[in-house]
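# Chains, contacts and geometry: an overview
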Amino acid sequence: MEKLRFDTPIDRYHTDSVKFDFKKEYGKEEGVLPLWVADTDFAIPKEAADAIRKRAEHPLYGYSAGDASYYDSLREWMKTRHGYEIQNDWVINTPSVVFAMVIAIRKFTKEGEAVMIQTPVYGQFYKTVVNNHRELVEVPLLQDKAKENGYEMDFAKIEQLIVERNVKAFLLCNPHNPVGRVWTKQELTRLGDILIRHDVRIISDEIHMDLAYPGYKHIVFASLKEEFAKNTITCTAPTKVFNIAGLQQANIIISEKELRNQFRQEVHSTGYMEPNIFGMIASRECYAHGAEYVDELIRYVSKNVSYVTEFVKENMPKARVIKPEGMYLLWIDFSGYGYEKDELVRRIEHVAKLWLNDGEAFGVEGRGYMRINLATTLATVKEACERMLLI
Ligand SMILES: Cc1ncc(COP(=O)(O)O)c(C=O)c1O
């Protein structure tokens, strides 16, 4: 089952896929192998696909809303997969996690106020702050290159800059894209204590929460302490592991009533009210039936990670794979090649003919790095490795 489910290549061309069908628009050569944006090359769980098809057969698609079964499936998933007990009415839908982050920034900070991020990080973390005219406060992650992963939070710097810059909100990325850390209970508690001590609101992006590799466990930040929960907007979505980003559905969890009401008010002020019917159905069915699917996905992608890690070790001594603790995105350090600023990007694209994410898109600390998406067939991963050799 597992082999069939994830080993079967699916042609994604001519499906309006950003990754496959928009090479020209993104200025890429036709022949590049696309392993960038964070969706997977895998079919969604059968139960979800069946439910979507069944609903699609009904000839009309009027305004729709989630009934109890929608929230029950999410609540059960959070409890069984993450040990996080929520109530149905804590959940607010938005079309995406980034949308929710923007809403939270707008509602809980004022223009000109400071918002902190840890870098390198997913590019939208910068944009949500800057595009909304808040002051960006960056704290680079510490990095010990002698370790397999080696990225850590710089707690002293975080606290120092919170005080110096009067930080009002903190964007947490857990698991941290692109460096692959799944923050531990100890780290999150230490961070949370600092943030609460200085009355900093926490916007916790946990969109990659469902993919932690064996030996690692995702901890929901808000589950750690009541005082954390009261100050946190937890952003989740079924879109990453289940590959339904095109259906635009996110579940934002806020336990504190007043905070939740304020957030909801801001969502409604955008004009967004009811969710997309297909996003809703997919989310409900994936959470209700997708446990085995995610377990298999983790096993499958783990093997891809091992393959690339071994391949790089054996064939590319100047490159270094940063061991991921979660996410299907792998962070690779090519700085050992000593290429000038844009030369690595050029070689990856035009010599190796790979379409990856340039590390610098995640911050200056990412210069010389690339992010590769391994949520694809092992055959594609092997092909990517062979191409990578050419740089
Ligand atoms: C950390 C992180 N947050 C948010 C997103 C985007 O989520 P959405 O499409 O729900 O805005 C991504 C997508 O790659 C991501 O990696």
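Keep in mind it's a predicted model, so treat the numbers as computed, not measured.

### A short note on the overall build of the protein chain
- A tally of helices and strands in the protein chain yields 15 helices and 15 strands.
- Relative to the compact-globule value of 21 Å for 391 residues, the protein chain shows a C-alpha radius of gyration of 21 Å, a close match.
- Taking the principal axes of its C-alpha atoms as reference, the protein chain extends roughly 60 × 55 × 40 Å.
- For the protein chain, the proportion of its 391 residues judged to be buried stands at 55%.
- When the accessible area of the protein chain is evaluated, it comes to approximately 17000 Å², of which 51% is carbon and sulfur surface.
- Measuring between centres, the 51 positive side-chain charges of the protein chain sit 1 Å from its 57 negative side-chain charges.

### Re the state of the cysteines
- Enumeration according to the criterion identifies zero disulfides in this entry.
- Cysteine C173 shares no disulfide, and the gap to the nearest cysteine sulfur, in C235, comes to 11 Å.
- Take C173: its relative accessible area is 4%, and that puts it in the buried class.

### Things to note about the site of the ligand
- Around the ligand sit A38, S96, V97, V98, Y122, C173, N177, D205, I207, H208 and K240, and that is every residue in its neighbourhood.
- A distance of 2.8 Å is found between an oxygen atom of the ligand and a backbone nitrogen or oxygen belonging to V97.
- Expressed as a share of its isolated accessible area of 400 Å², the protein-covered part of the ligand is 89%.
- Considered class by class, the residues forming the shell around the ligand number six nonpolar, three polar and two charged.

### Structural notes on the domain arrangement of the protein chain
- Domain annotation of the protein chain identifies domain 1 (2-45 + 292-388) and domain 2 (61-289).
- At the interface, 35 residues of domain 1 touch 36 residues of domain 2.
- Interface of domain 1 and domain 2: buried area, both sides summed, is about 3100 Å²; carbon and sulfur atoms make up 55% of it.
- Counting across the domain 1 and domain 2 interface gives four salt bridges.
- For the pair domain 1 and domain 2, the interface holds 23 residue pairs in polar contact (both at pLDDT 80 or more).
- Element by element, the count of residues in the side of domain 1 that touches domain 2 is highest for helix 13 (residues 291-315), at eight residues.

### So, the nonpolar core
- Core analysis: the largest hydrophobic core is formed by 68 residues, its most contacted members being F242, V308, M316, I332, F334, L354 and M388.
- With 10 residues, helix 13 is the single largest residue contributor to this core.
- The two domains that each donate at least three residues to this core are domain 1 (2-45 + 292-388) and domain 2 (61-289).
- Discounting residues that sit within four places of it in the chain, L354 has contacts with V32, L33, L35, I348, E349, A384, R387 and M388.

### What to know about the environment of R371
- As for its position among the elements, R371 is in strand 15 (residues 369-373).
- Taking relative accessible area as the criterion, R371 reaches 4% and is therefore assigned buried.
- In sequence terms R371 and S73 are 298 residues apart; their C-alpha atoms lie 32 Å from each other.
- With residues up to four places along the chain from it excluded, the contact list for R371 reads L35, W36, V37, A38, N177, P178, L329, L330, W331, L356, N357 and F362.

### Some thoughts on the packing of aromatic side chains
- Considering all chains together, one arrives at 22 aromatic pairs under this definition.
- Between Y26 and W355, the ring centres sit 5.5 Å apart and the planes meet at 55 degrees, which makes this aromatic pair tilted. Remark: W355 occurs in strand 13 (residues 354-355) and Y26 occurs in the loop between helix 2 (18-21) and strand 1 (33-34); sequence separation between them is 329 residues.
- Measuring from ring centre to ring centre gives 6.4 Å for Y122 and F125, while their planes differ by 75 degrees; the resulting arrangement is edge-to-face.
- A relative accessible area of 1% means that F125 is categorised as buried.
- Three or more aromatic residues joined by ring pairs make a cluster, and in this case those are F6, F42, W77, F242, Y287, Y293 and Y300.

### Here we look at the sheet that holds strand 2 (residues 91-94)
- On the basis of which strands lie adjacent, the open sheet formed by seven strands has the order 2-10-9-8-7-3-4 and mixed pairing. The sheet terminates laterally at strand 2 and strand 4 (135-140), the two strands that pair on one side only. Pairwise comparison of adjacent strand axes, ignoring direction, gives a mean angle of 25 degrees for this sheet.
- Of the strand pairs in this sheet, strand 2 and strand 10 (residues 250-253) are connected by four bridges, and their pairing is antiparallel. Bridging across to strand 10, V91 finds its partner in I253.
- Of the strands in this sheet, strand 2, strand 8 (201-205), strand 9 (232-236) and strand 10 are in contact with helix 11 (residues 257-269), which crosses strand 2 at around 20 degrees.

### Points about the pairing of strand 10
- The two faces of strand 10 match: A250 and I252 on one face and N251 and I253 on the other face are all buried.
- Across three bridges, strand 9 lies against strand 10 in antiparallel orientation. Counterpart to T236 in the pairing with strand 10 is N251.

### With respect to a nonpolar patch on the surface
- Taken together, the side chains of V18, F22 and Y26 define a hydrophobic patch exposed on the protein surface, amounting to about 250 Å² of accessible area.
- Here F22 shows up in the loop between helix 2 and strand 1.
- Residue classification places F22 among the partly exposed residues on the basis of a relative accessible area of 30%.

### Digging into the pattern of salt bridges
- Across all of its chains, the model carries 27 salt bridges by this definition.
- The partner of D333 in a salt bridge is R320, and the shortest N-O contact between them spans 3.4 Å. Taken together, the residues D333 in strand 12 (residues 329-333) and R320 in strand 11 (residues 320-322) connect sequence positions 13 residues apart.
- In this structure D333 comes out as buried when scored by relative accessible area, which is 4%.
- On the accessibility criterion, R320 (21% relative accessible area) is partly exposed.
- Three or more residues are tied together by salt bridges with common partners; here these are R12, K19, D39 and D41.

About the thresholds
Residues numbered from 1 in each chain as written. Predicted model: local features only at pLDDT ≥ 70, side-chain atom pairs only at ≥ 80, totals over all residues. Heavy atoms only, no water. Helix = DSSP H or I, 4+ residues; strand = E, 2+ residues; numbered from the N terminus. Rg over C-alpha atoms; globule rule 2.2 N^0.38 Å. Buried < 20%, exposed > 50% of the residue type's maximum accessible area, 1.4 Å probe, protein only. Areas by Shrake-Rupley, 256 points an atom, 1.4 Å probe, with all protein chains shown as cover. Lys, Arg positive; Asp, Glu negative; His and termini not counted. Charge placed at Lys NZ, Arg CZ, Asp CG, Glu CD. Disulfide = S-S within 2.5 Å. Near = heavy atom within 4 Å. Polar contact = N/O pair within 3.5 Å; in protein donor to acceptor, adjacent residues only side chain to side chain. Nonpolar A, V, L, I, M, F, W, Y, C, P; charged D, E, K, R; others polar. Domains from an automatic or database assignment. Contact = heavy atoms within 4.5 Å. Buried area = accessible area lost by both parts, 1.4 Å probe. Salt bridge = Lys/Arg side-chain N within 4 Å of Asp/Glu carboxyl O. Core = buried A, V, L, I, M, F, W, Y, C linked by side-chain atoms within 4.5 Å. Phe/Tyr/Trp six-rings, centres within 6.5 Å; stacked < 30°, edge-to-face > 60°. Pairing = 2+ DSSP bridges. Axes fitted to C-alpha atoms, helices over the stretch in contact; angles between N-to-C directions. Patch = residues over 30% accessible without salt bridge, like charges linked within 9 Å, V, L, I, M, F, W, Y side chains within 5 Å.

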